[in-house]
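# Commentary on secondary and tertiary structure
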Amino acid sequence: MNNIVAIVGRPNVGKSTFFNRLIQRREAIVDSVSGVTRDRNYGKSEWNGKEFSVIDTGGYIKGSEDIFEAEIRRQVELAIDESDVIVFVVDVEEGITPMDEEVAKLLRKVTKPVLLAVNKVDNAMREKDAVEFYNLGLGDYYTIAGMNGSGTGELLDALVDLLPEAEAPDENAEALPRFAVVGRPNAGKSSFINALIGEDRYIVTDIAGTTRDAIDTKYNRFGFEFNLVDTAGIRRKAKVKEDLEFYSVMRSVRAIEHSDICILVIDATRGFEGQDQSIFWLAEKNRKGVVILVNKWDLVEKDTMTTRDYERKIREELQPFTDVPILFVSALTKQRLLKALETAVEVFENRKQRIATSKLNETMLPIIENMPPPALKGKYVKIKFCMQLPTPTPQFVFFCNLPQYVKEPYKRFLENKMREIYNLSGVPIDIYFRQK
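Residues numbered from 1 in each chain as written. Predicted model: local features only at pLDDT ≥ 70, side-chain atom pairs only at ≥ 80, totals over all residues. Heavy atoms only, no water.

### What about the overall build of the protein chain?
A tally of regular secondary structure across the protein chain gives 13 helices and 16 strands. Out of the 436 residues in the protein chain, the part that is buried amounts to 51%. Once local pairs closer than 6 in sequence are excluded, the contacts in the protein chain between residues at least 24 apart make up 70%. Per element, the accessible surface of the protein chain, about 21100 Å² overall, is 50% carbon and sulfur. (Helix = DSSP H or I, 4+ residues; strand = E, 2+ residues; numbered from the N terminus. Buried < 20%, exposed > 50% of the residue type's maximum accessible area, 1.4 Å probe, protein only. Contact = heavy atoms within 4.5 Å. Areas by Shrake-Rupley, 256 points an atom, 1.4 Å probe, with all protein chains shown as cover.)

### Comments concerning the sheet that holds strand 15 (residues 395–400)
Overall, mixed pairing links the 3 strands, which are arranged 14-15-16 in an open sheet. Every interior strand has two partners, whereas the edge strands, strand 14 (383–388) and strand 16 (430–435), have only one. Each strand axis lies, on average, 25° off the axis of its neighbour in the sheet, ignoring direction. Where helix 12 (residues 357–370) meets the sheet, its contacts fall on strand 14 and strand 15, and the angle it forms with strand 14 comes to roughly 140°. Docked against the sheet, helix 13 (residues 408–421) engages strand 14, strand 15 and strand 16, running at close to 125° with respect to strand 16. (Pairing = 2+ DSSP bridges. Axes fitted to C-alpha atoms, helices over the stretch in contact; angles between N-to-C directions.)

### Observations concerning the packing of helix 12 against helix 13
Where helix 12 meets helix 13, the axes come as close as 11 Å, and the angle between the chain directions of the two elements is 135°. Taken together, helix 12 and helix 13 sit at an angle that is classed as oblique. For helix 12 against helix 13, the interelement crossing comes out right-handed. For the pair helix 12 and helix 13, the contacting residues are Leu-360, Thr-363, Met-364, Ile-367 and Ile-368 in the first and Tyr-410, Phe-413, Leu-414, Lys-417, Met-418 and Ile-421 in the second. (Parallel < 35°, antiparallel > 145°, perpendicular 65-115°, else oblique. Left-handed = near helix turned anticlockwise from the far one by under 90°.)

### Structural notes on the nonpolar core
Formed by 26 residues in total, the largest nonpolar core has its most connected members in Phe-179, Phe-192, Leu-228, Ile-263 and Leu-293. At the level of secondary structure, the elements contributing two or more residues to this core comprise strand 7 (178–182), helix 7 (189–197), strand 10 (224–231), strand 11 (261–267), strand 12 (289–295) and helix 11 (337–352). Top element by residues in this core is helix 11. It accounts for 6 residues. Among all residues touching Phe-192, those that are not within four sequence positions of it are Val-181, Ile-263, Leu-293, Ala-331, Leu-337 and Ala-340. With 24 residues, the next largest nonpolar core counts Ile-266, Ile-292, Val-294 and Phe-321 among its residues. (Core = buried A, V, L, I, M, F, W, Y, C linked by side-chain atoms within 4.5 Å.)

### Points about the pattern of salt bridges
Pairs may arise between side chains of opposite charge once their charged atoms sit close together. Counted under the stated rule, the structure contains 17 salt bridges. Linking Asp-91 and Lys-120 is a salt bridge whose minimum nitrogen-to-oxygen distance equals 3.2 Å. Here Lys-120 lies in the loop between strand 5 (114–119) and helix 4 (124–129) and Asp-91 lies in strand 4 (residues 85–91), a separation of 29 residues in the sequence. Overall, Asp-91 belongs to the buried group, its relative accessible area being 1%. Overall, Lys-120 belongs to the partly exposed group, its relative accessible area being 23%. Taking the shortest distance from any N to any O, the salt bridge between Lys-296 and Asp-267 comes out at 3.3 Å. A residue pair is termed long-range when its members are at least 10 positions apart, and Lys-296 in the loop between strand 12 and helix 10 (306–317) and Asp-267 in strand 11 qualify at 29 residues. We classify Lys-296 as partly exposed; its relative accessible area is 22%. Under the relative-accessibility criterion, Asp-267 is labelled buried at 3%. Overlapping salt bridges bring together Arg-10, Glu-94 and Asp-100 as one network. (Salt bridge = Lys/Arg side-chain N within 4 Å of Asp/Glu carboxyl O.)

### As for the packing of aromatic side chains
Within the structure shown, the criterion is met by 10 aromatic pairs. An angle of 40° between the planes, with centres 5.4 Å apart, marks the rings of Tyr-410 and Phe-413 as tilted. One end of the pair is Tyr-410 and the other is Phe-413, both in helix 13 and 3 residues apart, which spans about a single turn. These aromatic residues form a ring-pair network of at least three members: Phe-280, Trp-281 and Phe-321. (Phe/Tyr/Trp six-rings, centres within 6.5 Å; stacked < 30°, edge-to-face > 60°.)

### Observations concerning the side chain of Asn-350
If you trace the backbone, Asn-350 turns up in helix 11. A polar contact is formed between the side chain of Asn-350 and the backbone oxygen of Ser-425, at a distance of 3.3 Å. The contact partners of Asn-350, leaving out residues within four places of it in the chain, are Pro-394, Asn-423, Leu-424, Ser-425 and Val-427. (Polar contact = N/O pair within 3.5 Å; in protein donor to acceptor, adjacent residues only side chain to side chain.)

### Side note on the pairing of strand 11
Taken across its 7 residues, strand 11 has 7 buried, putting it largely inside the fold. Of the two faces of strand 11, both are covered, the one formed by Ile-261, Ile-263, Val-265 and Asp-267 as well as the one formed by Cys-262, Leu-264 and Ile-266. Note that strand 7 and strand 11 share 4 bridges and pair parallel. Looking at the pairing, Val-181 lines up with Ile-263 of strand 11. Examined bridge by bridge, strand 11 and strand 12 share 7 bridges and lie parallel to one another. Its bridge partner lying in strand 12, Ile-261 is registered against Gly-289.

### Here we look at unusual backbone geometry
The omega torsion across Gln-319 and Pro-320 is -5°, close enough to zero to call that bond cis. Mapped onto the elements of the fold, Pro-320 is located in the loop between helix 10 and strand 13 (326–328). Not every positive phi belongs to a glycine, and Arg-287 is a case in point at roughly 60°. Mapping Arg-287 onto the fold places it in the loop between helix 9 (274–285) and strand 12. Of note in the backbone geometry, Lys-296 takes a positive phi value of approximately 65° without being a glycine.

Structural data, given as structure tokens:
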């Protein structure tokens, strides 16, 4: 898990410009108007071979009546809470303002290392003006110019030295499968995890990652043993309409990237919404096994066809990857929770299974002979041999004379046939065609 660096300061001192320079992309919106950034924005950066995540926050304003500014203040406090190192950005043009003093007061209470960055220092005169920032009582400062990047090297050298060393992975813990429970906050993720863990806390050991993003809980009950990763923060930002998807998905990316199986919890009373779909496709793109749990099933009015119709609706949204287990559970009444675990473990086994080359050829070549790829420009594609590649997720390669003529629909036909024969439920698979 990465170290986290938070960039804080009052509005309009150039935090987002500095953030964009660190992640080397123009991701945060930059404008001369004060208060553009509202949410915590996440990005990845690297310096001297050390990787870290950067959080850009909105400007911190104390005692304002504005609804957004109260929300931003909360976001800044969350970012400070979440990070390992804090970069406090101030503006040399305006000197120390009462608002800077407020932020400094907040940071002096924090036990984490704080680096003071004096921004907009792009000539020697301003270098002298920066001396007054010793008055903030935060020790030495670094002069930088976020716009053209001068001075950022020294600041980053100091920053990288302060980052905690990445802990050596515990061999035993690494071997356990990692199941990330993802979904919107009110989908009942936490109740699901609480219901699984129960009150007998002694069988749970918390291995906290270096971030507050995902906490691994070792789970060993009923013959199962794995790491449950609780992803606390896939938030739908109600205030920012356009960037809804972007922000909330950013929060779940890391948890999904580091897991083996994603247990996607959705709220039965709300249906399978765009937000859930974004998370699902993210897991699929990262080639993770997926299990969908429709939670709060006890709140839905049911008749004989409800389950079937609901499942069909979800599968329509998931086209073309429809071979995904969908379970209807209730964390409150503990309905089918064990079944959900069994299914997740089964998907994990499916994901790491190896199919012998001889067996694969025995089953697939007769199917290909009966239904060869359609001829293109009068040329016939002959598939001679297939095998599974030695990769962590199932990938198969088919050797033929004209791989460039095999189109997507035929790939899907082969994938569907393989799913019928082998148990690959919940696992995305890749099929490649190569020149024999």
